[in-house]
Amino acid sequence: MTSIDRNDDTVRAAMRELRAADELDTPPFEAVLSRRKGAGSRERILVVRRLAIAAGLVLAAIGVYGVKTSRRARLTVPEEVIALSTWRPATDALLEIPGRSLLRQAPQLHKSLLDIKGDIR
């Protein structure tokens, strides 16, 4: 007998011991089946009801919080900020270049450059 055979026998014996210990701890199938049909379903219904009530309370709290936060005073923007947002520098006129429309649109395959020149400012 080689050392590998001895190791295999040792592992098999350990697995048999574990299986025997598991079988002692396992309840019979009939007991498991009877528990499924019995009072467990009532407990499950109570748990589901409690979870539904808790979810409803959480949703109600979120709704109340949302209503209260929406009633807060709105942020008002000062007139100076509005005036600054509409300001344009004087050098913006320099950005207007002839042929700018050519850069803003995709080339058209059915038109020649001569047809497009009429569209240039």
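A. Quick peek at the overall build of the protein chain. Looking only at helices and strands, the protein chain features six helices and zero strands. Secondary structure elements of the protein chain, listed N to C terminal, follow the sequence α-α-α-α-α-α. The burial tally for the protein chain puts 2% of its 121 residues in the buried class. When the accessible surface of the protein chain is split by element, carbon and sulfur atoms take 63% of a total near 11800 Å².

B. Just a nonpolar patch on the surface, in detail. Among the surface-exposed residues, Val11, Met15 and Leu18 lie close enough to one another that they form a single nonpolar patch of about 310 Å² accessible area. The topology assignment puts valine 11 in helix H1 (residues 3-25).

C. Quick peek at the pattern of salt bridges. In the structure shown here, the tally under the stated rule is two salt bridges. Of the charged contacts in the structure, one is a salt bridge between arginine 12 and aspartate 9, with a shortest N-O distance of 3.7 Å. Of the two residues, arginine 12 and aspartate 9 both sit in helix H1, three residues apart, roughly one turn of that helix. When its relative accessible area of 36% is taken as the criterion, aspartate 9 is described as partly exposed. In this structure, the salt-bridge partner of arginine 19 is glutamate 23, at a minimum N-O distance of 3.9 Å. Here arginine 19 pairs with glutamate 23, and both are found in helix H1, just four residues apart, close to one helical turn.

D. Structural view of the confidence of the model for the protein chain. Looking at the protein chain as a whole, the pLDDT averages 81, with 85% of positions reaching at least 70. Mean pLDDT values for the elements of the protein chain range from 66 in helix H6 (residues 113-117) up to 89 in H1.

Calculation rules
- Residues numbered from 1 in each chain as written.
- Predicted model: local features only at pLDDT ≥ 70, side-chain atom pairs only at ≥ 80, totals over all residues.
- Heavy atoms only, no water.
- Helix = DSSP H or I, 4+ residues; strand = E, 2+ residues; numbered from the N terminus.
- Buried < 20%, exposed > 50% of the residue type's maximum accessible area, 1.4 Å probe, protein only.
- Areas by Shrake-Rupley, 256 points an atom, 1.4 Å probe, with all protein chains shown as cover.
- Patch = residues over 30% accessible without salt bridge, like charges linked within 9 Å, V, L, I, M, F, W, Y side chains within 5 Å.
- Salt bridge = Lys/Arg side-chain N within 4 Å of Asp/Glu carboxyl O.
- pLDDT = per-residue confidence, 0-100.

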